[in-house]
2 protein chains.
Amino acid sequence: MRIGELAKATETRVETIRWYEKVGLLQHNSRTTGNYRTYGEPELARLSFIRRARALGFSLDQVRELLDLAETDGQDCAAVDRLAAAQLKAIDQRLEDLQALRAELSKLLRACEGGSVTNCRIIEALAPRAV
Amino acid sequence: MRIGELAKATETRVETIRWYEKVGLLQHNSRTTGNYRTYGEPELARLSFIRRARALGFSLDQVRELLDLAETDGQDCAAVDRLAAAQLKAIDQRLEDLQALRAELSKLLRACEGGSVTNCRIIEALAPRAV
DNA sequence: CTTGACCCTATAGCGGCTTCAGGGTGCATG
DNA sequence: CATGCACCCTGAAGCCGCTATAGGGTCAAG
């Protein structure tokens, strides 16, 4: 399988695949005579894994750890669990931040809707004190 | 006022202020004989505005737009409103994504907790099909 | 006269790619 | 056999919004 095919199969951009190679996440099988990368099933599986983990918000470093753990035979499920739990906690934190931010912003927007044409309340709210 | 003072007053790092200058968001008043930047009230106000807008999740480009709008006398409140509304929409989208992600991840975690020692269900779930 | 807090510039680095420049490969069509 | 086109290659730079690092200068107090 060539890189474009692998890209399609995993919904990854070709450049991203080459980039994963550069940072040591995914190797290619071999090369054709024309110097094209080729991939087999294991690479497809590995890239799928990577993409799934990325979609769950894991960093590339975390993905590396997960891959290591996945590949050691004596599974350390606890380590995986720790990683996933940490990730969940980080997501919860970001959710909280984002929700606070949303509340602020929508307060601002409500102020604007009620505002007059001559005075933009959003600008006022952002300004340090009565600009 | 020197840069350190301004930094303290706005809870901004000194380096960030210099960076805002580099990207054309905030100028300094003048320089001392010792080549130190100096700032006055208008710069303090402007930086406060920038920081507030940033804290609400606006990009630097959006902040630039907001500053332009804030400084034109004939206010275009509608334009400000559009910007803020777009920002709110973007935040809502990110919230949605993040919530979906959270659900996925916590499903994974629940699977792991119930799993046996010999088979990590998180790894299984990430793998394309029964690695 | 030295110490220390503050300031300066220029440059590189972060994550996670994306884009660009400047080519080569390989297959179908004229 | 030439041409076109989709696909592939490498290497380097660019994106955002800073942060960090190196290697200096300024200035007031002790």
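Residues numbered from 1 in each chain as written. Chains lettered and ligands numbered in written order. Predicted model: local features only at pLDDT ≥ 70, side-chain atom pairs only at ≥ 80, totals over all residues. Heavy atoms only, no water.

- Identification of chain A as Helix-turn-helix domain-containing protein from Sandaracinobacter neustonicus is taken from an unreviewed UniProt entry.

### As for the interface of chain A and chain B
(1) Moving on: With 42 residues of chain A at the interface, the matching set in chain B holds 43 residues.
(2) Moving on: The contact between chain A and chain B buries some 4,000 Å² in all, and 77% of this surface belongs to carbon and sulfur atoms.
(3) Moving on: Between the two partners, chain A and chain B, sit two salt bridges.
(4) Moving on: A salt bridge links R102(A) to D92(B); the shortest N-O distance between them is 2.4 Å.
(5) Moving on: Inspection of the region where chain A meets chain B yields two residue pairs in polar contact (both at pLDDT 80 or more).
(6) Moving on: Among the secondary structure elements, those contributing two or more residues to the side of chain A that touches chain B are α3 (41-55), α4 (60-71), α5 (77-114) and α6 (121-126) of chain A. (Contact = heavy atoms within 4.5 Å. Buried area = accessible area lost by both parts, 1.4 Å probe. Salt bridge = Lys/Arg side-chain N within 4 Å of Asp/Glu carboxyl O. Polar contact = N/O pair within 3.5 Å; in protein donor to acceptor, adjacent residues only side chain to side chain. Helix = DSSP H or I, 4+ residues; strand = E, 2+ residues; numbered from the N terminus.)

### Overview of the protein's contact with DNA strand D
(1) Moving on: Residues in close proximity to DNA strand D total 18 residues, the closest being R18(A), R37(A), W19(B), Y36(B) and R54(B).
(2) Moving on: Restricting attention to atoms of DNA strand D within 4 Å of the protein, one finds that 76% of them are sugar or phosphate atoms.
(3) Moving on: Taking G4(A), its main chain carries an N or O atom lying 2.8 Å from a phosphate oxygen of DNA strand D.
(4) Moving on: Take R13(B): an N or O atom from its side chain is 3.4 Å from a phosphate oxygen of DNA strand D.
(5) Moving on: It is helix α2 (residues 14-22) of chain B that contributes the most residues to the surface near DNA strand D, three residues altogether.
(6) Moving on: Taken together, the residues of the surface near DNA strand D break down into six nonpolar, six polar and six charged. (Near = heavy atom within 4 Å. Nonpolar A, V, L, I, M, F, W, Y, C, P; charged D, E, K, R; others polar.)

### Looking at the protein's contact with DNA strand C
(1) Moving on: Around DNA strand C, the structure places 20 residues, and the nearest of them are W19(A), Y36(A), G4(B), R18(B) and R37(B).
(2) Moving on: Within the side chain of R13(A), an N or O atom sits 3.4 Å from a phosphate oxygen of DNA strand C.
(3) Moving on: Between a phosphate oxygen of DNA strand C and a side-chain N or O atom of R18(B), the distance comes to 2.5 Å.
(4) Moving on: Of all the elements in the fold, those that place two or more residues in the surface near DNA strand C are α2 (14-22) of chain A together with α1 (3-10) and α2 of chain B.
(5) Moving on: Among the elements that line the surface near DNA strand C, the one with the most residues is α2(A), at four residues.

### Some words on the relation of the copies chain A and chain B
(1) Moving on: The transform that puts chain A on chain B rotates by 179° and translates by 0.0 Å along the axis, for an RMSD of 0.3 Å. Both chain copies can therefore be described as sitting about a two-fold axis. It is L95(A) whose C-alpha, among those of chain A, lies nearest the rotation axis, at 3.4 Å.
(2) Moving on: Mapped onto chain B, 100% of the interface residues of chain A are again interface residues, and the two copies thus contact each other with one and the same surface. (Least-squares fit on C-alpha atoms with pLDDT ≥ 70 in both.)

### What to know about the packing of helix α3 (residues 41-55) of chain B against helix α4 (residues 60-71) of chain B
Residues and elements named next belong to chain B.
(1) Moving on: Remark: α3 packs on α4, axes separated minimally by 10 Å, with the N-to-C direction vectors making an angle of 130°. Comparing their axes, α4 and α3 come out oblique. Of the two elements, α3 crosses α4, and the hand of that crossing is right-handed. Side by side, α3 and α4 meet where R46, F49, I50, A53 and R54 of the first sit next to L60, V63, L66, L67, A70 and E71 of the second.
(2) Moving on: Looking at the contact of α3 with α4 residue by residue, the classes come out as eight nonpolar, no polar and three charged. (Axes fitted to C-alpha atoms, helices over the stretch in contact; angles between N-to-C directions. Parallel < 35°, antiparallel > 145°, perpendicular 65-115°, else oblique. Left-handed = near helix turned anticlockwise from the far one by under 90°.)

### Focus: α4(A)
(1) Moving on: In this model α4(A) runs 16 Å from its N-terminal to its C-terminal C-alpha over twelve residues, within 8% of the 16 Å that 1.5 Å per residue would give.
(2) Moving on: Among all positions of α4(A), only L60(A), Q62(A), V63(A), L66(A), L67(A) and L69(A) are buried. (Expected span 1.5 Å × (residues − 1). Buried < 20%, exposed > 50% of the residue type's maximum accessible area, 1.4 Å probe, protein only.)

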